[in-house]
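Architecture and fold: a report
Chain residues, written in single-letter form:
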There are 2 protein chains.
Amino acid sequence: MAQERKIDKVILGLLCHEDLSGYDIKKRMDGAVSFFWKGSFGNIYPALKDLENSALITKTDSSVGGRERSVYHITDAGRDALKEWLCDEQASNELRYETLLKLFFSSGAGREVSIRNIELFEKQTARDLEILKTCCRSLENAQDNEDHIYYYLTASFGVETYEVYLRWCKKAKKILRATPHNSIAESS
Amino acid sequence: MAQERKIDKVILGLLCHEDLSGYDIKKRMDGAVSFFWKGSFGNIYPALKDLENSALITKTDSSVGGRERSVYHITDAGRDALKEWLCDEQASNELRYETLLKLFFSSGAGREVSIRNIELFEKQTARDLEILKTCCRSLENAQDNEDHIYYYLTASFGVETYEVYLRWCKKAKKILRATPHNSIAESS
DNA sequence: GCTATGATATATCAAGCAGATATATCATAA
DNA sequence: TTATGATATATCTGCTTGATATATCATAGC
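The structure displayed is predicted, hence computed values, not measured ones.

**Considerations on the protein's contact with DNA strand C**
DNA strand C sits among 28 residues. The nearest are R5(A), R67(A), R67(B), R69(B) and S70(B). Here the atoms of DNA strand C within 4 Å of the protein split so that 72% fall in sugar or phosphate, with bases taking the remainder. Between DNA strand C and K6(A), the relevant distance is 3.4 Å, taken from a phosphate oxygen to a main-chain nitrogen or oxygen of the residue. Those elements that place two or more of their residues in the surface near DNA strand C are α1 (6–15) and α3 (41–53) of chain A together with α2 (22–30) and α3 (41–53) of chain B. Per-element accounting of the surface near DNA strand C gives the leading share, four residues, to α3(B). For the surface near DNA strand C, the residue count by class is six nonpolar, twelve polar and ten charged.

Shown next as structure tokens:
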């Protein structure tokens, strides 16, 4: 069966507020949305084509000079499709953390390697946390706008989970350093 | 370019401790690993074929009667490949939370819908948390085994993040209920 | 002893998706 | 004037999921 394509909903959701080109959509997705859902040109452009064929969006040429540019606009049917998805109680929530995958199998490589991997994860998390915190602060004081409440809630989800990640990193490193245990890897 | 296939590492990691069939591997992946990395037959079986061709694993027929069964065993080259991956500092950590995606675009559907979606997420999280907690408790008192320390660390990552998820759910529902704001959706 | 059910076991396909790559235009800064 | 980087659209390969197909075996109930 045809799988539900999430990129369609992201596009409809973004177009709900403003008309955008495929490139604009990519930029938006690289922003605040990216920490819980990523997208690429490889699925954005085909999705735009399909959504246009299904009349959920319309395409307008807004080329300037020799520079091509297509801007997309959501239709009433598109808004309905978005709402239907929002009301659908199914939701797939999935973590794909290679750092944890590595840690799970780390007895073959030893503690120094694990600690190094946790430190790298810690650094990346700390960087991302700062971005999300800035985002969160700017939304906190603008909750008269209905949209901003939702943006704030997703951003605060990120802030709170990332803070826990950092606490876990500290604890994990402490445990790994506590009882030095020689592994096959560390002796090679 | 050939992408790094994560399923290969999962298989090598699991085979590091015991010989397994494709079906066994799926079962293991549905267990404790599944909360941070999922797998399916659709990629496990092709990966087993490729890993065998690359001599990272060997296949042994262990059919009983008319019932086919192939058991795989890791080779020294396979252990090296696993270790190489463990030592590689690159790691892609990705969240794909449809619940957050919906929440981000929820102004079009209204607060009741958002609260319902959060409640569903909350229930699923609470269920998963119980499983992880049980897993964590049994590992806590068995840290003389080197492997168990890594299993414990990944499980405790899950417990701690899921607990934060639940706290966030409570907060989010409270905010959404605090300032009742009529949306286009609630009036339809 | 028979039968239904569910677990075991292997495999394939369509569709979704990421990452890399290609091509071309335009603004700008050196 | 020229190089760089942002804008813009598009395609391809390979990885991944979810569904589906097929067949065997253990067991539990009748």
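**Concerning the relation of the copies chain A and chain B**
The operation relating chain A to chain B is a screw motion whose rotation component is 180°, with 0.0 Å of axial translation and a residual RMSD of 0.0 Å. Those values place the two copies in the arrangement expected of a two-fold rotation axis. Taking C-alpha positions as reference, the residue of chain A nearest the rotation axis is L95(A), located at 2.4 Å. Here 100% of the contact residues of chain A are again contact residues in chain B; the copies associate through an equivalent surface.

**Thoughts on the sheet that holds strand β1 (residues 20–21) of chain A**
Backbone-to-backbone hydrogen bonds pair the strands of a sheet. The strands run either parallel or antiparallel. All names here are of chain A. Spatial ordering of the open sheet is given by β1-β3-β2, a layout of three strands whose pairing is antiparallel. The sheet is open, and its two edges are formed by β1 and β2 (57–61), each paired on a single side. Both β2 and strand β3 (residues 70–74) contribute to a ladder of five bridges, which runs antiparallel. By the bridge assignment, T60 is partnered in β3 with V71. Of the strands in this sheet, β1, β2 and β3 touch α1, which is tilted by about 85° from β3.

**Quick look at the packing of α1(A) against helix α2 (residues 22–30) of chain A**
Residues and elements named next belong to chain A. At a minimum axis separation of 11 Å, α1 and α2 run at an interaxial angle of 100°. As summarised for this structure, α1 and α2 are arranged roughly perpendicular, according to the angle between their axes. Residues I7, V10, I11 and L14 of α1 lie in contact with α2, whose contacting residues are I25, R28 and M29.

**Quick word on the pattern of salt bridges**
Per the stated rule, a full pass over the model turns up 28 salt bridges over all chains. A salt bridge links E94(B) to R96(B), with the nearest nitrogen and oxygen atoms 3.9 Å apart. For E94(B), a relative accessible area of 21% puts it in the partly exposed group. Note that R177(B) and E119(B) form a salt bridge whose closest N and O atoms lie 3.3 Å from each other. Placement of R177(B) in helix α7 (residues 146–178) and of E119(B) in helix α6 (residues 111–140) is noted, with a sequence separation of 58 residues between them. Via salt bridges that share partners, R5(A), D8(A) and D50(A) belong to a single interconnected network.

The rules we used
- Residues numbered from 1 in each chain as written.
- Chains lettered and ligands numbered in written order.
- Predicted model: local features only at pLDDT ≥ 70, side-chain atom pairs only at ≥ 80, totals over all residues.
- Heavy atoms only, no water.
- Near = heavy atom within 4 Å.
- Polar contact = N/O pair within 3.5 Å; in protein donor to acceptor, adjacent residues only side chain to side chain.
- Helix = DSSP H or I, 4+ residues; strand = E, 2+ residues; numbered from the N terminus.
- Nonpolar A, V, L, I, M, F, W, Y, C, P; charged D, E, K, R; others polar.
- Least-squares fit on C-alpha atoms with pLDDT ≥ 70 in both.
- Contact = heavy atoms within 4.5 Å.
- Pairing = 2+ DSSP bridges.
- Axes fitted to C-alpha atoms, helices over the stretch in contact; angles between N-to-C directions.
- Parallel < 35°, antiparallel > 145°, perpendicular 65-115°, else oblique.
- Salt bridge = Lys/Arg side-chain N within 4 Å of Asp/Glu carboxyl O.
- Buried < 20%, exposed > 50% of the residue type's maximum accessible area, 1.4 Å probe, protein only.

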